[in-house]
Amino acid sequence: MTAGLLLVLSGPSGVGKTTIAHEMLRRFGGHFSVSATTRAPTNDEKNGVDYSFVTPEVFQKMIDQKLFIEFAQVFGRSWYGTPRQPVDAALARAELAVLDIDVQGAELVREKYPDMLGIFILPPSEESLLTRLRQRGREDESAIQRRFRESTVEMQRARENGIYNAFVINDDLSAAIEEVACLVGAKLKSSVAERSQ
């Protein structure tokens, strides 16, 4: 068993995963896993903070060297991967390691880290998800509709695959944060109890 806790947060774009992830780190400390990706950054994203933006060639080298916990080509476009070393180092220090990844990635992580805590963040409704995607103002309507379709497929897959420990509806961000914090706190407590036996 790993000494720390691996928290995997998943959910559709615009549902508040990143905000919740950073609040967990503020409360419990630990490490936020910065995914590597071959896609281009948006105007408000910082390399090494939001993602590590790499070329397809560099990404392939990382695959060849087995540096990822999981990696995948998402929706037939860009590649994303979770670097292994920072996560394993945080767990070895008995810290919380937080991954903000999609369902496909979470399935692969569960195989390698069976004691992970998987939480899927849901919107209050599909209509509210569509509204949130539009309010972000990042994409045109056709891209928003595509992302919305992809999100509904991903939510269905998450409900059916059995890898998530809990589903949290983000209707009210403060309440969603408290619910996730309770789940994380309980799991951390049980991990400490197991180690002390």
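Figured I'd write up the structure that's included with this text. (Residues numbered from 1 in each chain as written. Predicted model: local features only at pLDDT ≥ 70, side-chain atom pairs only at ≥ 80, totals over all residues. Heavy atoms only, no water.)

**Points about the sheet that holds strand 3 (residues 36-37)**
And then number 1: On the basis of which strands lie adjacent, the open sheet formed by four strands has the order 4-3-6-5 and mixed pairing. The open sheet has two edge strands with one neighbour each: strand 4 (52-53) and strand 5 (68-73).
And then number 2: Relative to strand 6 (residues 79-83), strand 5 runs antiparallel, the two sharing five bridges. Note on strand 6: the bridge partner recorded for Ala 72 is Tyr 80. (Pairing = 2+ DSSP bridges. Helix = DSSP H or I, 4+ residues; strand = E, 2+ residues; numbered from the N terminus.)

**Focus: the pairing of strand 7 (residues 96-100)**
And then number 1: Counting buried positions along strand 7 gives five out of five residues, so the element sits mostly inside the fold.
And then number 2: Of the two faces of strand 7, the one lined by Leu 96, Val 98 and Asp 100 and the one lined by Ala 97 and Leu 99 are each fully buried.
And then number 3: Sheet topology places strand 1 (residues 5-10) next to strand 7; five bridges connect them, and they run parallel. Its bridge partner being in strand 7, Leu 5 is matched across the sheet by Leu 96.
And then number 4: Here strand 2 (residues 31-32) runs beside strand 7; their pairing, made up of two bridges, is parallel. Counted as the bridge partner of Phe 32 is Val 98 from strand 7. (Buried < 20%, exposed > 50% of the residue type's maximum accessible area, 1.4 Å probe, protein only.)

**Thoughts on helix 6 (residues 141-161)**
And then number 1: Its 21 residues place the ends of helix 6 30 Å apart at the C-alpha level, agreeing with the 30 Å of an ideal helix rising 1.5 Å per residue.
And then number 2: Within the sequence span of helix 6, burial applies to Ala 143, Ile 144, Phe 148, Glu 150, Ser 151, Glu 154, Met 155 and Ala 158.
And then number 3: Its buried side turned inward, helix 6 meets helix 4 (103-112), strand 8 (117-122), helix 5 (126-136) and strand 9 (166-169). (Expected span 1.5 Å × (residues − 1). Contact = heavy atoms within 4.5 Å.)

**With respect to the sheet that holds strand 8**
And then number 1: Spatially, the five strands line up as an open sheet ordered 2-7-1-8-9, and their pairing is parallel. If you trace the sheet from one side to the other, it starts and ends with strand 2 and strand 9, each paired once.
And then number 2: Inspection of the sheet shows strand 8 paired to strand 9 by four bridges, in the parallel sense. Bridged to Phe 120 within strand 9 is Phe 167.

**Side note on the pattern of salt bridges**
And then number 1: If you walk through the whole model with that rule in mind, you get ten salt bridges.
And then number 2: Across the pair Arg 26 and Glu 23 runs a salt bridge whose closest N-O atoms are separated by 2.8 Å. Here Glu 23 and Arg 26 lie together in helix 1 (residues 17-28), a separation of three residues that amounts to about one turn.
And then number 3: Assessed through its relative accessible area of 62%, Arg 26 is described here as exposed.
And then number 4: Arg 27 is paired through a salt bridge with Glu 178; the nearest N and O atoms lie 2.5 Å apart. Here the residue Arg 27 occupies a position in helix 1, and Glu 178 occupies one in helix 7 (residues 173-196), the gap between them amounting to 151 residues.
And then number 5: In this structure, a network of salt bridges that share partners links the residues Glu 23, Arg 26, Arg 27 and Glu 178. (Salt bridge = Lys/Arg side-chain N within 4 Å of Asp/Glu carboxyl O.)

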